[in-house]
Number of protein chains: 4
Amino acid sequence: MKEMILGVIGCGRIGQMHVENLIKCFPNVRIRLVCDTAPDLEWALKWKIPITDNLDQLLDCKEIEAVLIAAPSTYHIDLIKRVAAVGKHIFCEKPLAFDLDSIQEAVEAVETAGIKFQVGFNRRFDNDYKSIRDRVAAGVVGKPYVVKITNRGPVHPGLDFITNSGGMFMDKAVHDFDMAQYVTGQKVVEVFTHAGCLSNPEFAETGDVDTIMTSLRLSDGTLCNTDCARVTNYGYDQRLEIFGEKGMIKTRNIGETNITMNVPGVGLVADNPKWGFAERYFDAFVEQMKAFIAYLSNDDMKSPVDGYAAKSAVAVAVAARKSFQEKRSVKVSEVL
Amino acid sequence: MKEMILGVIGCGRIGQMHVENLIKCFPNVRIRLVCDTAPDLEWALKWKIPITDNLDQLLDCKEIEAVLIAAPSTYHIDLIKRVAAVGKHIFCEKPLAFDLDSIQEAVEAVETAGIKFQVGFNRRFDNDYKSIRDRVAAGVVGKPYVVKITNRGPVHPGLDFITNSGGMFMDKAVHDFDMAQYVTGQKVVEVFTHAGCLSNPEFAETGDVDTIMTSLRLSDGTLCNTDCARVTNYGYDQRLEIFGEKGMIKTRNIGETNITMNVPGVGLVADNPKWGFAERYFDAFVEQMKAFIAYLSNDDMKSPVDGYAAKSAVAVAVAARKSFQEKRSVKVSEVL
Amino acid sequence: MKEMILGVIGCGRIGQMHVENLIKCFPNVRIRLVCDTAPDLEWALKWKIPITDNLDQLLDCKEIEAVLIAAPSTYHIDLIKRVAAVGKHIFCEKPLAFDLDSIQEAVEAVETAGIKFQVGFNRRFDNDYKSIRDRVAAGVVGKPYVVKITNRGPVHPGLDFITNSGGMFMDKAVHDFDMAQYVTGQKVVEVFTHAGCLSNPEFAETGDVDTIMTSLRLSDGTLCNTDCARVTNYGYDQRLEIFGEKGMIKTRNIGETNITMNVPGVGLVADNPKWGFAERYFDAFVEQMKAFIAYLSNDDMKSPVDGYAAKSAVAVAVAARKSFQEKRSVKVSEVL
Amino acid sequence: MKEMILGVIGCGRIGQMHVENLIKCFPNVRIRLVCDTAPDLEWALKWKIPITDNLDQLLDCKEIEAVLIAAPSTYHIDLIKRVAAVGKHIFCEKPLAFDLDSIQEAVEAVETAGIKFQVGFNRRFDNDYKSIRDRVAAGVVGKPYVVKITNRGPVHPGLDFITNSGGMFMDKAVHDFDMAQYVTGQKVVEVFTHAGCLSNPEFAETGDVDTIMTSLRLSDGTLCNTDCARVTNYGYDQRLEIFGEKGMIKTRNIGETNITMNVPGVGLVADNPKWGFAERYFDAFVEQMKAFIAYLSNDDMKSPVDGYAAKSAVAVAVAARKSFQEKRSVKVSEVL
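Values in this document were obtained by computation on a predicted structure and should not be read as measured data.

Analysis parameters
- Residues numbered from 1 in each chain as written.
- Chains lettered and ligands numbered in written order.
- Predicted model: local features only at pLDDT ≥ 70, side-chain atom pairs only at ≥ 80, totals over all residues.
- Heavy atoms only, no water.
- Helix = DSSP H or I, 4+ residues; strand = E, 2+ residues; numbered from the N terminus.
- Rg over C-alpha atoms; globule rule 2.2 N^0.38 Å.
- Contact = heavy atoms within 4.5 Å.
- Areas by Shrake-Rupley, 256 points an atom, 1.4 Å probe, with all protein chains shown as cover.
- Lys, Arg positive; Asp, Glu negative; His and termini not counted.
- Charge placed at Lys NZ, Arg CZ, Asp CG, Glu CD.
- Buried < 20%, exposed > 50% of the residue type's maximum accessible area, 1.4 Å probe, protein only.
- Pairing = 2+ DSSP bridges.
- Buried area = accessible area lost by both parts, 1.4 Å probe.
- Salt bridge = Lys/Arg side-chain N within 4 Å of Asp/Glu carboxyl O.
- Polar contact = N/O pair within 3.5 Å; in protein donor to acceptor, adjacent residues only side chain to side chain.
- Nonpolar A, V, L, I, M, F, W, Y, C, P; charged D, E, K, R; others polar.
- Least-squares fit on C-alpha atoms with pLDDT ≥ 70 in both.
- Domains from an automatic or database assignment.
- Axes fitted to C-alpha atoms, helices over the stretch in contact; angles between N-to-C directions.
- Parallel < 35°, antiparallel > 145°, perpendicular 65-115°, else oblique.
- Disulfide = S-S within 2.5 Å.

The helix and strand tally for chain A stands at eleven helices and 15 strands. Taking 336 residues into account, the globule formula puts the C-alpha radius of gyration at 20 Å, and chain A, at 20 Å, falls close to it. With the C-alpha coordinates of chain A rotated into their principal frame, the extents come out at 55 × 55 × 45 Å. Sequence-distant contacts in chain A: of pairs separated by 6 or more residues, those separated by 24 or more amount to 71%. Here chain A has roughly 12,700 Å² of accessible surface; of this, 51% comes from carbon and sulfur atoms. Side chains of chain A give 39 positive and 44 negative charges; the mean places of these two sets differ by 5 Å.

Spelled out as structure tokens, the structure:
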């Protein structure tokens, strides 16, 4: 295998996780340069990676074949355009942007440049979700009737985070909308939303919510419910269920161990779900990188998650938010 | 314990089940007379119960203290009025009627007569649901955020049944609406419905549906999703989940046995859910009768399920159907 | 159905449970007379049952067709002989006796009298165990290789009980030996025992043990392990596993509910096993009585659990105890 | 982290697995040379590893700091002596040998040479087993009463394998004996064995068995049962249960996914256990290497699994085989 040389833009929590996974799991990948506005020198030293706050240095580096963009979402579009302009391939974290026009611009920049482009919907690379999707595609469930998706985080990410996140529809529920489309191969046609600040009423003034429930109608008539919440206190509750013509398939949560204990006076105690996204989707993040590297290495492959898929998921998020704001059912076609 | 003497009006599938449970499980209860328009003599002989097609004979029988009404739903209101008029206590199967005015008439007839009155929402008496409700009431879950209810039957009941059932909203989804209110102690305020003929498109012409998904907003802001379907082919899928401030509580399906088998080439196979409502809710039907008999025996008890509860659940069903027909979110207050 | 008139000898915890089950679940059975050396008048009044301390009164009562013997085990043989002598059918609790000669005497008395006779191995009537046995008999598991049986009680029954119980081999482990033979249709050929006073060292001076592990060889070569303990503190742990040519089948414990809760900081908590034998085997005790009544009512039926089965299980218990005492593997043929 | 340079002796199935894991998961480890009597050139080329059939070349290579021995078990002792003689550290697959004297010789050679030495009991590094052991050590279970270990392989490894494996006691059951000691921190004092050729009677003439059940007494009185089988056809069934003073802790099997499906007419189907040891213990094999590399890198660490632990497990295996052959309980002290 030939060596693959990458650059990374944005190296906060997610960026560092990607870099560490690449170092630990991909002997043939070399991180040539990391660029961050506030470079974490200690971390870079520990992992022996060159780091800079000068984006041009990275863009000008001929060796770098592809770039991971893990900067805050508000910078994604501009960064995509700049990286595309120098002809480097791109992996960009989701969401690309919070509005559809910006995403369209990015998609066009990518196409104009003729580069490879993958968006970070990590859950598609989770073994359980991928396996369900493959079985659905193979007809194991028959025609789907009902899809139910649960996506609940362990603790509130805090005021700082949510003010820059695009809000819960863009940041968190967008995963569910992508999943609904990915797992069924259908498109969301219409969405109705109930939502509120249930766990953290003090965040209501931010205009954001902490609990979202949507009712989706998909293109083949399949009915879908998603429930998405910021705070469980019991871990990262991630489940999916599809009921169809030939039965009902579902995933369960995954704990740190497969141990149970009968505790006198308490009950039969198993592990709660793994705590956060980094623990729960560790393998999925690695598989996502594998898919990106395979895509880079193989000119016959299509993007595992292209810009249109990303735009489509964000479109549902925009419609879902509109439904919440206008207290009515919204067709996705209204927002495109 | 003194003997309790009952009459039964309507003795089809549900009526026979009640009678058989009473005979098998309640030594102190005597079924004095069963009345049916088409008396099943063979069945009556087997169980040694007097049977008649003459309703007056039952209404005139002084010995009979209380009457079970298990006739088709369209006759419920008229029968309640007639039984109330002769001062006998009443247990009536759900739904009382398909419209709210009729239910109100029945409730008033009962109050005027001063009789005891219980409606047949059997699921409230299921050990698992009752236990969840008790824990929620005791604050174990803290403030509820999200409730999810699954209610799927094994096979389509057939054209004959559905044309007389009041439709799926009245006949089947009404259980979910009652459950949402029962288990949280809240009221449904608003409902949005997606529905369709997904498993049996040929029934579309009846105007009824076979799959319903509702999104409910409850009085304290709790978000609730129900999914209700006619046909699983894998059994009677009955689940409930409540996620709240202090954790997430849920029930699982119950099979005929607690056995699993690792089958080579197949997997780890456990039982599917019990097949139909009679198997799944056998114990709940018996507990429901226990509650009725305790209520009859004790003048200090309130009705376990009174007419207002029944009316309230039907009101949500009416609103849910209206939401489906008008493709918009409907407030329950609109239909009351 | 014609009425079945029974008498009961011995009305402590087990006897009262049988009587109450019969009253609650068998409308056609009448308990004509209960005989106990220390009659519990309050209990008898509550259940409206004639009670006496005069055994002859019961034996002389012509109406009584069959007798339940639930007296202490040390009286079983004598009582069987006396009841057999007056030609009444018998249901007798296990163990019949602690030595094989006495059991043989009882078996002969029953045969001489030509009466019906059933011994109380209640676990055979448990739905899960019975279903496993039926599947094994039907070849679902193929040739069995390994059987594992777990039989652990919740709390120590106390010094009083164990001094009259015949010891743990006779009182508790005997169920496992019967189960090993029942579920496979094979006979135990050889047994090796490890045992000790692990949970309650202070009972060591009684000569009894509180934890037993046996390794059994069955007639077809199947290997079987049983573990039996007095004290779990977490409930009545009752499990069975059979691994064979075509897979592995097993039962799980049963809790009071089928509810789980994700509790923050604790885990995913399900119910511990039901607490005691009366809760765990409630249905099995009822089914056992059903089987006895069906056997009484039908002259073509064989005894559901005859004296030879009882003797066979006790023979294994005698061999297991001998193995423990002599620290060597013991063939069951040595003790017969 | 400084680079760690390793050599490998013996590169069949297990050896190749170790090498591949090292390459994929340990960027700082370099495999300098692989030595095999029949070098697999194609495999070596694929993984870009120098390979030779000349052992001296490996022993003479100054760069190599430590050697993995994964040759057939019959060569282990000789290879350990030769590698120890040149002062390189050693990781050796289990079992070291089939007799205790040879193991003692190896242990002494290691001590004389003053090298680091770790034996390959991979299961100790499994997350579930390790976590149970940690909890037991922390007193979570209190005093253990009963330990049950299940160790069943998916398919018979074939006549070739078993004739060179040392037999099932040495090759497979030895894992259980190590686990019983590891998880409790106790020693096996006494063992009784039942065994036979149950799944593959045609292998009886090899003198080996395919199903083993042992009853072990541990040093603190804990009772332990192991059942070990060659052929399940449903996967690699690996379970452990400890019942003690404060409750009962156990592991469950792990499937390829966490998906279940309600299949009409079949049941609720989950995954069978992962198929073979390489799938089931993939993570444990990686963790085992991590522990070896940490041990190499840190002169204050003790061996994660030293020669005495290996000898102790083999001693139990020798005693267990003797018990089977002599049909009696055998004390481990008899064979030491």
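Still to come is the rest of the account.
Residue and element names in this part refer to chain D. Within strand β5 (residues 89-93), five of the five residues are buried, which leaves it mostly tucked inside the rest of the structure. Sheet analysis places strand β4 (residues 66-69) next to β5, joined by four bridges and oriented parallel. Bridging from a neighbouring strand, L68 pairs with F91 of β5. Two elements, β5 and strand β6 (residues 117-120), share four bridges in a ladder whose sense is parallel.

Across the boundary between the two partners, chain A contributes 15 residues, which contact 15 residues of chain C. In this assembly, chain A packs against chain C so that about 1,000 Å² is buried in total across both faces, 53% of it on carbon and sulfur atoms. Ranking the residues of chain A by area buried against chain C places N262(A), L268(A) and N272(A) at the top, with a combined share of 40%. Summed over the shared surface of chain A and chain C, the result is zero salt bridges. Counting across the interface, chain A meets chain C through six residue pairs in polar contact (both at pLDDT 80 or more). When residues of the side of chain A that touches chain C are traced back to their parent elements, those giving at least two are β13 (259-263) and β14 (267-270) of chain A. In terms of residues, the side of chain A that touches chain C owes the most to one element, β14(A), which gives four residues. When the residues that make up the side of chain A that touches chain C are grouped by side-chain class, the tally is eight nonpolar, six polar and one charged. Pairing geometry for β14(A) and strand β14 (residues 267-270) of chain C, over three bridges, is antiparallel. Its bridge partner lying in β14(C), A270(A) is registered against L268(C).

Let us look at the interface of chain B and chain A. On the side of chain A, 40 residues touch chain B, which itself brings 39 residues to the contact. Of the roughly 3,000 Å² buried at the junction of chain B and chain A (both faces included), carbon and sulfur atoms supply 63%. Counting across the chain B and chain A interface gives six salt bridges. Residues K148(A) and D227(B) are paired through a salt bridge, measuring 2.6 Å at the closest nitrogen-oxygen approach. Applying the counting criterion to the chain B and chain A interface returns ten residue pairs in polar contact (both at pLDDT 80 or more). Sorting the residues of the side of chain B that touches chain A by element identifies β7 (144-152), β8 (188-196), β9 (211-218), β10 (223-229), β11 (237-244) and β12 (247-251) of chain B as the ones contributing at least two each. Ranked by residues supplied to the side of chain B that touches chain A, first place goes to β7(B) with seven residues. When its residues are assigned to classes, the side of chain B that touches chain A shows 17 nonpolar, eleven polar and eleven charged.

Within the fold, S215(C) resides in strand β9 (residues 211-218). Judged by its relative accessible area of 1%, S215(C) is buried. Within the structure, the side chain of S215(C) is placed 3.0 Å from the side chain of H194(D), a separation counted as a polar contact.

So, about the relation of the copies chain A and chain C. In the superposition of chain A on chain C (RMSD 0.0 Å, axial shift 0.0 Å), the rotation amounts to 180°. Seen this way, the second copy is the image of the first under a two-fold rotation axis. If distances are taken from each C-alpha of chain A to the rotation axis, the shortest is found for V269(A), at 2.2 Å.

Right, let's get into the domain arrangement of chain A. Residue and element names in this part refer to chain A. Each domain of chain A was delimited in the assignment, giving domain 1 (4-123 + 284-306) and domain 2 (124-276 + 313-334). The C-alpha-based centres of domain 1 and domain 2 are spaced at 26 Å. Counting from both sides, the interface comprises 16 residues of domain 1 and, opposite them, 22 residues of domain 2. Counting the surface domain 1 buries against domain 2, the share from its top three residues, F98, F121 and R123, is 53%. Summed over the shared surface of domain 1 and domain 2, the result is two salt bridges.

Residues and elements named next belong to chain C. Using the criterion set out here, one finds 96 salt bridges over all chains in the structure. Two residues, R328 and E334, come together in a salt bridge whose shortest N-O distance is 2.7 Å. Owing to a relative accessible area of 39%, E334 belongs among the partly exposed residues under this scheme.

All names here are of chain D. The contact between helix α6 (residues 127-137) and helix α8 (residues 168-184) brings their axes to 8 Å, and the two run at 40°. In terms of orientation, α6 and α8 fall into the oblique class. For the pair α6 and α8, contact is made by Y129, K130, I132, R133 and V136 and by M179, Y182, V183 and T184, respectively. Partitioned by chemical class, the residues of the contact of α6 with α8 number six nonpolar, one polar and two charged.

Further remarks concern the state of the cysteines. Summed over the entire model, instances satisfying the criterion amount to zero disulfides over all chains. With no disulfide of its own, C224(A) has C228(A) as its nearest cysteine by sulfur position, at a separation of 12 Å. C25(C) provides the cysteine sulfur closest to C25(B), a residue in no disulfide bond, and the two sulfurs are 6.6 Å apart. For C25(B), a relative accessible area of 28% puts it in the partly exposed group.

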